[in-house]
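Chain by chain, the residues:
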Amino acid sequence: MGAGQQGGEGQGGRRPDGARAAGSAAVSVGAPASGTILDVAGVAGFGAGWRPGLPSLRPALAGLARRIGADFSAEATSGRLILWLPAAYALGILFYFAAAREPFLPAVLLLTLALSALAVAARARPVAFGALVALASVAGGFATGGVRTALVAREAIAAPAGPVRLVGFVEKVEHRTTGDRILLRLDGGAVRGLHPAPALVRLTLRRGWAPPVGARVSQLARLLPPLGPAMPGAHDFGRGPWFRGIDAVGYGLGRPRPDPGGAAPVSVKLAMLVDAARDGLARRIRASLTGTPAEIAVALVAGDRSAIAPEVEESMRVSGLTHILSISGLHMALVAGTLFALVRGALALGPGLALGFPIKSLAAAAALAGSAAYLVLSGNDVPAQRSFVMTALVLAGVMAGRPALTLRTVGVAAVVVLALTPEAVLEPGTQMSFAATLALVAAYERLRPLRALPRPDGLAGQAAVWVAVLVGGTALTAVVAGLATAPYGMFHFQRVAPYGLLANLAAMPAVSFLVMPFGLVGVLLMPFGFDHLAWPVMGLGIEIMVAVSDHIAGLPGADMRAAWVGGATLAGLSLALLGLCLLRGAAALVALLPLGFALATAGPAPRPDLLVASDAQTVAVRGADGRLSILGARTNRLVAEQWLTREGDRRTARAGELAAGFTCDGEGCTAPLPGGGTLAVSQRAEGLEADCLNARLVVTRETPPGDCPAQVLTPALLARTGTQAFYFRDNGWHMEPTRTRRVQRPWMPPLPPEPEATAAPDEPAELGPPDGRPAENAMQADAWME
């Protein structure tokens, strides 16, 4: 008997067994739901005979709630809720990094073991078992962060007041547009003025001064204090180098001097082999290509982006194609896919091989080996490592005869990457990479039934289907990946690429069919001397890509800045993305709750009206036009550009009008403060007395008068707080420090001791002696740039 004969849902009619009625398809608790729009519409009462009206709302919502509950039960029965465990694991890592002090690792490990044991004991109780497994995953992520920190922990090195002489082997060289950068592996002996002696130091040199990898040199250098966040809530630039084993960062004073002697460490010898191979690749490419195509080809094949012109990088960034320049999942997938197709096709030519051997598995093994070689040749950067792990798991699935590209594969890859480098969970690249991969694999699973549709007969019909799949697949990939990564781009970079879909539609065919395949062919042909046949084809694809990028970047509104996504908004959008990707059927509607929260919390965060960097030279004040005027931006370029980026401001630290809000003379500069009063930045001791009398806030590196009535900020005080951000409100000024004594983690430099008399945190009036450190210049800023 039909549901309509039993009475509609609006009349409260029900089947005797409790199944749905009136336009609702029956769903078994143990069976997966289809999750189509028609299913949900039927549940909500939007079927035949439905009319809008208040009396039908309650039963419709009740039916929807039952459908969601049934689909959740179906998800649990099918074992798909295990897909949430990697998210719980990542959440535990985030909790670890959010802690104010380093947790006691034995207690964390005991908690993880206890929760795991309780989960095993509760196997017969599904709800308790699921909750305990989730909690154990969170605790496991927290413990992973603690173990990783314990393994790399070492005493922080305070920057000495003067230059130091460093002797060691060059392990890595980067030729950047602003200068060369080297990674120096020290011999292990004592360094005068440093305790403990560093093992690995990153130095910036003038362009063209870098010695080759493997050279043993002596370098006079000035080491910089560890650079933390540029302002409250900003990215911590000191955390990444600390976890990578870099003990100090600085810049060279003069050319490095050869200092032969001693055997190079194993890490340096391996780096020499890889560098020789990469250098040989670069020379062969530049022998066939010139200009921008040559430099981008070198970046994609050998992982060296240093010679790409800044305007080309900016064009790619604005157009939404910058992901092509960074070795990531796209490149690893194209390399592995091309190798897999070539090897499998070659093996299939021999009937004996095709019938007697698992050529699919052999092709996957060859693709895996080629991907590993590409990882090494491309520089072995963190994004490439993440992509290789994902590619390796997919190829391992192919070799094992299992479905390769699934959400479980994405989850396993996430756990593996985060287990090895838990600090990567805070990096924009990791977040955007896994968000795009998760969304694309989920979309692929949703569209899998389309593959069963009948194909047209005839060459013309098949060609039309091939073109439709190519165009539609490219468009779908660009839309899905763009929507999944946009919140993270807005949160970290305050940028949106509104024409990213158009740019990817136009450029990706050239990248997929010309750039990457012929780059791989060129590498394969190098041993035989015929690589010159492949590089021009690759260069043609690059020219098409750059032309598309330049055209799209020139469109009105292409460079859109947005400061709408804060931490709470990003958390809501991330949870909504997980719900939409990991849940099926009506259960996915639960994602609307975090999505609604994200939309409710979206919007620009409160912006500081005054910023004072820890060097007491770089100062920003908000003008009447709402924009920041920054004094000393070129002195501390990295900090100044971080301030501008978080404002969504297109200007750079080199902009000529950046300090337009300040009036300067030989003794210093002044600027009006929002709400009244004057800010004075004193540069000479002779002007301090007048500044104390006329200004409300004085920033100086000199010793101020003892009876100065103004608030005074000096390097000694700022060393205890980091950059200070001031907010003007109706009830006056509020100051927020970047560092407080409440928060101290191993990668953070220890704060200097407090003086005998201290002011309240929001009243930075206590003065200290100047630290005498010279002004930081552009080369110092480049030393910290990632």
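Just so it is clear, the model here is predicted, and its values are computed rather than measured.

The rules behind the values
Residues numbered from 1 in each chain as written. Predicted model: local features only at pLDDT ≥ 70, side-chain atom pairs only at ≥ 80, totals over all residues. Heavy atoms only, no water. Helix = DSSP H or I, 4+ residues; strand = E, 2+ residues; numbered from the N terminus. Buried < 20%, exposed > 50% of the residue type's maximum accessible area, 1.4 Å probe, protein only. Contact = heavy atoms within 4.5 Å. Areas by Shrake-Rupley, 256 points an atom, 1.4 Å probe, with all protein chains shown as cover. Pairing = 2+ DSSP bridges. Axes fitted to C-alpha atoms, helices over the stretch in contact; angles between N-to-C directions. Disulfide = S-S within 2.5 Å. Polar contact = N/O pair within 3.5 Å; in protein donor to acceptor, adjacent residues only side chain to side chain. Salt bridge = Lys/Arg side-chain N within 4 Å of Asp/Glu carboxyl O.

**Q** How do you make sense of the overall build of the protein when you look at a structure like this?
**A** Looking only at helices and strands, the protein features 25 helices and 18 strands. With 786 residues in all, the protein has 46% of them scored as buried. Partitioning the contacts of the protein with sequence separation of at least 6, the portion at a separation of at least 24 is 67%. Accessible area of the protein: about 37300 Å², with a carbon and sulfur share of 65%.

**Q** What is the right way to read the sheet that holds strand S14 (residues 678-682) from this model?
**A** The strands making up a sheet associate through backbone hydrogen bonding, with each pair oriented either parallel or antiparallel. The strand order S12-S13-S14-S15-S16 describes an open sheet built from five strands, whose pairing is mixed. The open sheet has two edge strands, strand S12 (663-665) and strand S16 (711-713), and neither has a second partner. Strand-to-strand twist in this sheet, taken as the mean axis angle between neighbours without regard to direction, amounts to 20°. Here strand S15 (residues 697-700) pairs with S16 via three bridges, running parallel. Residue pairing across strands places leucine 697 opposite glutamine 711, the latter belonging to S16.

**Q** Looking at this model, I keep getting lost on the state of the cysteines. Mind explaining?
**A** In a disulfide, the sulfur atoms of two cysteines are covalently bonded to one another. Summed over the entire model, instances satisfying the criterion amount to two disulfides. The residue that forms a disulfide with cysteine 664 is cysteine 669, at a sulfur-sulfur distance of 2.0 Å. Since a negative S-S torsion denotes a left-handed disulfide, the cysteine 664-cysteine 669 link at about 110° is right-handed.

**Q** Hey, could you run me through the side chain of aspartate 609 in this one?
**A** Checked against the element boundaries, aspartate 609 lands in the loop between helix H21 (592-601) and strand S9 (610-612). Look past the residues within four positions of aspartate 609 in its chain and what remains in contact with it is Ala620, Val621, Arg622, Pro674, Phe726, Tyr727, Phe728, Arg729 and Trp733.

**Q** Quick question: what am I supposed to make of the sheet that holds strand S11 (residues 628-631) here?
**A** Spatially, S11-S10-S9-S17-S18 is the arrangement adopted by the five strands of the open sheet, whose pairing is antiparallel. Every other strand in the sheet has two partners, leaving S11 and strand S18 (732-737) as the edge strands with one partner each. On average, each strand axis in the sheet is inclined to that of its neighbour by 15°, with strand direction left out of account. The pairing of S9 with strand S10 (residues 619-622) spans three bridges and is antiparallel. What sits directly across from leucine 610, in S10, is valine 621. Lying over the sheet, helix H22 (residues 637-647) contacts S9, S10 and S11, oriented at roughly 175° with respect to S11.

**Q** So what exactly am I meant to see when it comes to the environment of serine 218 here?
**A** Within the secondary structure, serine 218 sits in strand S4 (residues 216-223). We classify serine 218 as buried; its relative accessible area is 5%. C-alpha of serine 218 to C-alpha of proline 256: the two residues are 38 residues apart in sequence and 5.8 Å apart in space. For serine 218, the contacting residues outside a window of four places in its chain are Arg165, Leu166, Val167, Pro256, Arg257 and Asp259. One polar contact links serine 218 to arginine 165, side chain to side chain, over a distance of 3.2 Å.

**Q** Where do I start with the side chain of arginine 148 in this structure?
**A** Looking at the secondary structure, you find arginine 148 in helix H6 (residues 126-152). A relative accessible area of 19% places arginine 148 in the buried class. Apart from the residues lying within four places of it in its own chain, the contact partners of arginine 148 are Phe243, Leu420, Thr421, Pro422 and Glu423.

**Q** What should I look at first to understand the environment of lysine 172 in this one?
**A** Residue position: lysine 172 is located in strand S1 (residues 164-176). A sequence separation of 11 residues divides lysine 172 from leucine 183, and the C-alpha atoms of the two residues are 5.0 Å apart. Among residues more than four places away in sequence, those in contact with lysine 172 are Arg181, Ile182, Leu183, Val213 and Asp381.

**Q** Would you explain the pattern of salt bridges in this entry?
**A** Side chains that differ in sign of charge can pair as their charged atoms come close. In the structure shown here, the tally under the stated rule is 28 salt bridges. In this structure, arginine 495 and aspartate 559 form a salt bridge, with 3.0 Å as the shortest nitrogen-oxygen distance. In this pair, arginine 495 sits in strand S7 (residues 495-496) while aspartate 559 sits in the loop between helix H19 (535-553) and strand S8 (560-561), placing the two residues 64 residues apart along the sequence. Of the two residues, arginine 495 and aspartate 559, neither departs from the other in class, the shared state being buried. A single salt-bridge network, built from bridges that share partners, covers Glu314, Arg317, Arg495, Asp559, Arg561 and Arg650.

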